[in-house]
Amino acid sequence: INPTSITIITLSIIMGTIMTMSSSNWLMAWIGLELNMLAILPIISKPKTTRASEATIKYFLTQAIASAMMLLSSTTNAWQTGSWDILELKNKFSTTIMTLSLMMKMGAAPIHFWLPEVLQGTTLQTALLITTWQKLAPISLMYMISNNIQPALLMSAGILSMIVGGLGGINQTQLRKTMAYSSINNLGWTIMIMALSPNLAVMNIFIYMIMTTPIFLMMTSTSTKTLQNLTTTWTTSTATTLSIALLMLSTSGLPPFTGFLPKMLALNELITQKLTTLATLAIMTSLVSLLFYLRVTYLIMVLTSPMT
């Protein structure tokens, strides 16, 4: 891609997200999301492979359906209440449809199927972009309407995302798919706590982004794509591989790493609200996801790579 195109695409992606995050009107928010989506499509399809084209189409279709649901929701709400204001989303039907469309845009369960496929079909840098930056706009919209969403919807979606993220990541050998399921698992925590404490949800997603970014960057620098690659990177770049291992443990939420902090605060919030069963479920699913993070770490730390 030539420099001019790259500049236009980058600016569009940034502009789209900022537009959505700073708008108070549903139509402007929708335009921002569309701009963002159209700009990222050429990036996903940049590797000239059939897999990349497939990933681009899957991404486009899911985002387009989510956008259509978003328009349906905001139009119904405007028809009922006479307002296009984001904070005026008072209609129950509209709120439910809007929540589902935002979850679809982020890749939260039960509408998560596109995320692992798209990440697997594209490059590591694009995967990083999709799992971090592309979540900012939908999360900010969800944050704005969090007071109007029924807590039961958010909590069940959150728990479902945790279960799917944990179980899905277990049998993966491709690191991009593992990171996709890790993203779904983390979104589960974010969505679940959004019902009780939206600020905590925002903190959770930011800490996740801070931990995921270096993992992807290091995987790019060592061109590590599978678990098998990981066992051999040890010999070439020890510090990088060790950092990946520690960051993986942090993302899993293992104490005393940083990733444990938002989980602990979320559990504290759940228990304060007398939702002990939900807290227990969250801990159990967290243990399942810990399994695949530990496997990655084990491969890096304990096993020595084949030597001549």
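Residues numbered from 1 in each chain as written. Predicted model: local features only at pLDDT ≥ 70, side-chain atom pairs only at ≥ 80, totals over all residues. Heavy atoms only, no water.

Topic: a nonpolar patch on the surface
So, step 1. A contiguous nonpolar patch, built from Leu38, Ile57, Phe60, Leu61 and Ile65 and spanning about 470 Å² of accessible area, is present on the exposed surface.
So, step 2. For the nonpolar patch, the leading source of residues is helix α3 (residues 50-81), giving four residues.
So, step 3. Along the chain, Ile65 falls in helix α3. (Patch = residues over 30% accessible without salt bridge, like charges linked within 9 Å, V, L, I, M, F, W, Y side chains within 5 Å. Areas by Shrake-Rupley, 256 points an atom, 1.4 Å probe, with all protein chains shown as cover. Salt bridge = Lys/Arg side-chain N within 4 Å of Asp/Glu carboxyl O. Helix = DSSP H or I, 4+ residues; strand = E, 2+ residues; numbered from the N terminus.)

Some points on the UniProt feature "transmembrane region" (unreviewed entry) in the protein
So, step 1. Under the feature "transmembrane region" (unreviewed entry), the UniProt entry names residues 152-170, 191-217, 237-257 and 278-301.
So, step 2. Annotated as residues 152-170, this span is 100% helix and 0% strand, and its ends, taken at the C-alpha atoms, are 28 Å apart.
So, step 3. Annotation note: span residues 278-301, helix share 100%, strand share 0%, distance between end C-alpha atoms 34 Å. (UniProt positions renumbered as here; feature names shortened; annotations may be inferred.)

Let's talk about empty space enclosed by the protein
So, step 1. If you walk through the whole model with that rule in mind, you get two cavities of 30 Å³ or more.
So, step 2. If you add up the space inside the largest cavity, you get close to 90 Å³.
So, step 3. Those elements that provide at least two residues to the lining of the largest cavity are α2 (26-44), α3 and α7 (133-145).
So, step 4. In terms of residue count, the dominant contributor to the lining of the largest cavity is α7 (four residues).
So, step 5. Estimated volume of the second largest cavity: approximately 30 Å³.
So, step 6. Along the walls of the second largest cavity sit Asn186, Asn204, Ile207, Tyr208, Met211, Thr251, Gly259, Pro262 and Lys263, which together make up its complete lining.
So, step 7. Those elements giving two or more residues to the lining of the second largest cavity turn out to be α10 (198-221) and α13 (260-272).
So, step 8. Ranked by residue count, the leading element in the lining of the second largest cavity is α10, at four residues.
So, step 9. Its residues placed into classes, the lining of the second largest cavity shows four nonpolar, four polar and one charged. (1 Å grid on protein atoms, 1.4 Å probe; cavity = no way out; pocket = protein on both sides within 12 Å on 5 of 7 lines; lining within 4 Å. Points joined across faces, edges and corners; volume = space filled by probe spheres on them. Nonpolar A, V, L, I, M, F, W, Y, C, P; charged D, E, K, R; others polar.)

Looking at the layout of surface pockets
So, step 1. In this structure, the largest pocket occupies an estimated 370 Å³ of space.
So, step 2. Elements with a contribution of two residues or more to the lining of the largest pocket: α1 (3-22) and α6 (124-131).
So, step 3. Counting residues per element, the lining of the largest pocket draws most heavily on α1, at five residues.
So, step 4. Lining the second largest pocket, in full, are Trp189, Ser252, Gly253, Leu254, Pro255, Phe260, Lys263, Leu267, Ile283, Ser286, Leu287 and Leu290.
So, step 5. Every element with two or more residues in the lining of the second largest pocket is listed here: α13 and α14 (276-301).
So, step 6. When residues in the lining of the second largest pocket are grouped by element, the largest group, four residues, is from α14.

A closer look at the pattern of salt bridges
So, step 1. Taken as a whole, this structure holds four salt bridges when the rule is applied.
So, step 2. A salt bridge links Glu117 to Lys58; the nearest nitrogen and oxygen atoms lie 3.5 Å apart. With Glu117 in helix α5 (residues 114-121) and Lys58 in helix α3, this pair connects stretches of sequence that are 59 residues apart.
So, step 3. The partly exposed category is assigned to Glu117, whose relative accessible area is 26%.
So, step 4. Judged by relative accessible area, Lys58 falls into the partly exposed class, the value being 27%.
So, step 5. A salt bridge links Glu117 to Lys177; the shortest N-O distance between them is 3.7 Å. (Buried < 20%, exposed > 50% of the residue type's maximum accessible area, 1.4 Å probe, protein only.)

Describing the side chain of Thr297
So, step 1. In this structure, Thr297 sits in helix α14.
So, step 2. For Thr297, the residues in contact, after removing those within four places along its chain, are Ala245, Met248, Leu249 and Val302. (Contact = heavy atoms within 4.5 Å.)

Re the packing of aromatic side chains
So, step 1. The full count for this structure, using the stated rule, is two aromatic pairs.
So, step 2. Aromatic pair Tyr59 and Trp114: ring centres 5.5 Å apart, planes at 70°, arrangement edge-to-face. Note that Tyr59 is positioned in helix α3 and Trp114 in helix α5, a separation of 55 residues in sequence.
So, step 3. Taking the relative accessible area as the measure of exposure, Tyr59 reaches 2% and is therefore buried.
So, step 4. Trp114 gets classed as buried once you look at its relative accessible area, which sits at 6%. (Phe/Tyr/Trp six-rings, centres within 6.5 Å; stacked < 30°, edge-to-face > 60°.)

Points about the nonpolar core
So, step 1. Ranked by size, the top nonpolar core spans 40 residues in total, and within it Trp26, Leu141, Met142, Ile145, Ile191 and Met192 carry the most contacts.
So, step 2. What Met142 contacts, discounting residues up to four positions off in sequence, is Thr99, Leu102, Met103, Met106, Ile149, Leu154, Ile191 and Met194.
So, step 3. Counting residues in each nonpolar core, the second largest holds 39 residues, with Met37, Tyr59, Tyr181 and Met218 among its members. (Core = buried A, V, L, I, M, F, W, Y, C linked by side-chain atoms within 4.5 Å.)

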